[in-house]
Amino acid sequence: GTKDAQMKLAGFKKVVTKVFRLAGESQKDAEYDAQSVLGLETAMAKLFKDASQERTHQQQAFTLSGIGSLAPNLDIAAVLTSLAGDQAHLLHKSPVLVRNPEYFSGLSALLIKTPASHLRAYMLFRMAFILGADMGEEWLDVGQELQKVVVGQEHRVPRWYKCFHSVNNALPDYVGKVFVQRYFSFDTLSAARDMLVRMRDEFQEDLISAPWMDDVTKSKATYKLSDLFFSIGFPSTWADYSGLDLQGDFVQDGDRLYKWYIHHAFSRLARKVDRQRWGTTSPAMVDAFYSYDKNGIFVPAGILQKPFFNTDYRAARNYGGIGTILGHEMTHGFDDQGRKFNPEGRLQEWWTHQDVRAFETRASCVRDLYSSYKLNGRSVSGELTLGENIADIGGVRLAYKAFAKVMREKEGSGQPS
């Protein structure tokens, strides 16, 4: 590999050795087990396709028994049954979706060839490293060292941020409710919805006027766009954490949370899908996202704040800030992957073959454009970033067109000054 990759591998091995030392091993055993972990991690990494192929790989449905045939040595059925507990009977009625079946079958074969001592070392490292992230200073220093090796982060995050991040991830609706009460308003919600509606109107005009798309595809595309919902600020129904008993011990409470979430995840198999369920997304999150399988845009209150958005900002600043982000998410519903999902969020080839070819021809222009860019001497992978690039271009276009219409309504005919 490259010099950079070799340095990262050496840094990773050093960190793993320290984890084993903290877990009570001698220096000699720690170094041996670290090499075993590195070897197994490398072998597992080779089972993955390259990143651009992984991005576009579609899920395949398996029955509980069928997934056993896919990866017999993993005994996935037994793992799922154990996790489901008293909900296990629901598994026999539910398909198991696997995005990369070749990886699982390859991993199944790899387990047989891997010495038991290497598997033990790998499991010990993973357990110790994960639990160590919530323990003493020495463990936190090791975690920071790995962050520096992988992403170049020089310093540990402040204690207050780690505490906030932990609580926000564990109890997103509790934190979100406080945030919304203090920092969100109906005026903000109304203004954000108005922006989204205006951009959807512009998108609709673009679809209708697209010269390369036939009427069959246009009809279905405009229906999908009209069925797109907006969930802004916070969920319509706050999560119910009843049955969760937190007792003040940070590590043990983390274990209680995992078990509670796993139980509730499997219990949802018995209920109808709630398209507008936020799940573990916190209203305090500074982000927004589009859901392929729900055909909806989720906009947490956390991102509807300065500097992205404020009701006192001029229209140009709001559309240039949050507008491009929301337009980006809206475009994801029709990017190279989003276009494959029908209005109900199911994978289905609903475009005519001619329109698929026309879309791919235009998408190749975006792919080639970004592949021509270089950063620090390395070329961008236009194939890997295609969906995001299409969404970026669409987001800017929709935000500008909606802004221009606002200004025409305000100033009269013509483009905004």
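Every chain's residues receive numbers from 1 upward, in the order its sequence appears when written. At least 70 in pLDDT is required for a residue's local features to be given in this predicted model, at least 80 for side-chain atom pairs to be given and counted, and no such filter applies to totals for whole chains, interfaces and linings, which use all residues. Where side-chain values are given, they derive from all heavy atoms of the structure, hydrogens and water being excluded.

Draft legend 1. Local environment of the overall build of the protein chain. To qualify as a helix, a DSSP run of H or I must reach at least 4 residues; to qualify as a strand, a run of E must reach at least 2; elements of each kind are numbered from the N terminus. Secondary structure summary: the protein chain contains 16 helices and seven strands in total. C-alpha atoms of the protein chain, sized along the principal axes, occupy 80 × 55 × 50 Å. Within the span of the protein chain, comprising 417 residues, buried residues form 41% of the whole. Across the protein chain, contacts joining residues at least 24 apart in sequence account for 68% of those joining residues at least 6 apart. Values of accessible area rely on a 1.4 Å probe in the Shrake-Rupley scheme; residue burial ignores everything except the protein chains shown. Accessible area for the protein chain stands at about 23,800 Å²; split by element, carbon and sulfur atoms hold 56% of it. Where the 51 positive side-chain charges of the protein chain centre and where its 49 negative ones centre are 2 Å apart. Only protein chains enter the accessibility calculation, which uses a 1.4 Å probe. A residue is then buried if its area is under 20% of the maximum for its type, exposed if over 50%, and partly exposed in between. Note on contacts: a residue pair qualifies if any of its non-hydrogen atoms lie within 4.5 Å across the two residues. Charge counting treats Lys and Arg as positive and Asp and Glu as negative, with His and both chain ends excluded. By convention, charge coordinates are those of NZ in Lys, CZ in Arg, CG in Asp, or CD in Glu.

Draft legend 2. Focus on the side chain of Ser108. Inspection of the secondary structure assignment puts Ser108 in helix 6 (residues 101–113). Under the relative-accessibility criterion, Ser108 is labelled buried at 3%. Setting aside chain neighbours within four positions, we find Ser108 in contact with Ala71, Pro72, Asn73 and Leu74.

Draft legend 3. Seen up close, the sheet that holds strand 4 (residues 289–291). Ordered in space as 3-5-4, the three strands form an open sheet in which the pairing is mixed. The sheet is open, and its two edges are formed by strand 3 (229–233) and strand 4, each paired on a single side. The average undirected angle you get between the axes of adjacent strands in this sheet is 20°. With five bridges joining them, strand 3 and strand 5 (residues 296–300) adopt parallel strand pairing. Note on strand 5: the bridge partner recorded for Ile232 is Val299. Lines fitted to C-alpha atoms define the axes, with helix axes restricted to the stretch in contact, and inter-axis angles between N-to-C directions lie between 0 and 180 degrees. Helix-sheet contacts for helix 11 (residues 186–209) involve strand 3 and strand 5, and the interaxial angle to strand 3 is about 155°. By the convention used here, strands pair only if DSSP detects at least 2 bridges between them.

Draft legend 4. Here's a closer look at the pairing of strand 5. With five of its five residues buried, strand 5 lies for the most part within the structure. Alternating residues of strand 5 divide into Gly296, Phe298 and Pro300 and Ile297 and Val299, and every residue in both groups is buried. In the sheet, strand 4 pairs with strand 5 via three bridges, with the strands oriented antiparallel. Within the sheet, the bridge partner assigned to Ser291 lies in strand 5 and is Gly296.

Draft legend 5. Up close: the packing of aromatic side chains. Within 6.5 Å between ring centres, the rings of Phe, Tyr and Trp (the latter by its six-membered ring) count as paired, and their orientation is classed by plane angle as stacked under 30 degrees, edge-to-face over 60, tilted in between. Across all of its chains, the model carries 25 aromatic pairs by this definition. Ring centres of Tyr161 and Phe164 lie 6.5 Å apart, and the angle between their planes is 50°; this geometry places the pair in the tilted category. Note that Tyr161 and Phe164 are positioned in helix 9 (residues 159–170) at a spacing of three residues, about one turn of the helix. Where Phe289 meets Phe298, the ring centres are 5.0 Å apart and the plane angle is 15°; that geometry is what we call stacked. Joined through ring pairs, the aromatic side chains of Phe12, Phe20, Phe125 and Phe129 make up one cluster. To sit over a ring, a charge needs its Lys NZ or Arg CZ within 6 Å of the ring centre and within 35 degrees of the ring normal. A cation over an aromatic ring shows up here: Lys224 above the ring of Phe334, its NZ or CZ 5.1 Å from the ring centre. Positioned above the aromatic ring of Phe359 is the side chain of Arg339, whose terminal nitrogen or guanidinium carbon lies 5.5 Å from the ring centre.

Draft legend 6. Fine view of a nonpolar patch on the surface. Patches in this entry comprise residues that are over 30% relatively accessible and not in a salt bridge; like charges within 9 Å are linked, as are nonpolar side chains (Val, Leu, Ile, Met, Phe, Trp, Tyr) within 5 Å. We define a salt bridge as a contact between a side-chain nitrogen of Lys or Arg and a carboxyl oxygen of Asp or Glu at a distance within 4 Å. A surface patch of nonpolar side chains, about 420 Å² in accessible area, is lined by Val157, Trp160, Tyr161 and Phe164. For Tyr161, a relative accessible area of 34% translates into the label partly exposed.

Draft legend 7. Molecular detail of the pattern of salt bridges. Under the counting rule described, the total for this entry stands at 20 salt bridges. A salt bridge links Glu202 to Lys401, with the shortest nitrogen-to-oxygen separation between them at 3.9 Å. Taken together, the residues Glu202 in helix 11 and Lys401 in helix 16 (residues 386–411) connect sequence positions 199 residues apart. Accessibility expressed as a relative area gives 4% for Glu202, which makes it buried.

Draft legend 8. Seen up close, the packing of helix 1 (residues 3–22) against helix 8 (residues 137–151). In the contact formed by helix 1 and helix 8, the axes pass within 9 Å of each other and the chain directions differ by 170°. Regarding the angle of helix 1 to helix 8, the classification is roughly antiparallel. Contacts between helix 1 and helix 8 pair Lys8, Gly11, Phe12, Lys14, Val15, Lys18, Val19 and Leu22 from the former with Glu138, Trp139, Val142, Glu145, Leu146, Val149 and Val150 from the latter. Three classes are used, and their members are as follows: Ala, Val, Leu, Ile, Met, Phe, Trp, Tyr, Cys and Pro are nonpolar, Asp, Glu, Lys and Arg are charged, and the others, Gly among them, are polar. Here the residues of the contact of helix 1 with helix 8 sort into nine nonpolar, one polar and five charged. For classification purposes, angles smaller than 35 degrees are called roughly parallel, those larger than 145 roughly antiparallel, those between 65 and 115 roughly perpendicular, and all remaining angles oblique.

Draft legend 9. How the structure looks around the packing of helix 14 (residues 315–332) against helix 16. In the contact formed by helix 14 and helix 16, the axes pass within 6 Å of each other and the chain directions differ by 135°. The pairing of helix 14 with helix 16 is recorded here as oblique in orientation. Read as a crossing pair, helix 14 and helix 16 show a hand that is right-handed. When grouped by side-chain class, the residues that make up the contact of helix 14 with helix 16 number 13 nonpolar, nine polar and two charged. In a left-handed crossing the near helix is turned counterclockwise from the far helix by less than a right angle, and in a right-handed crossing that turn is clockwise.

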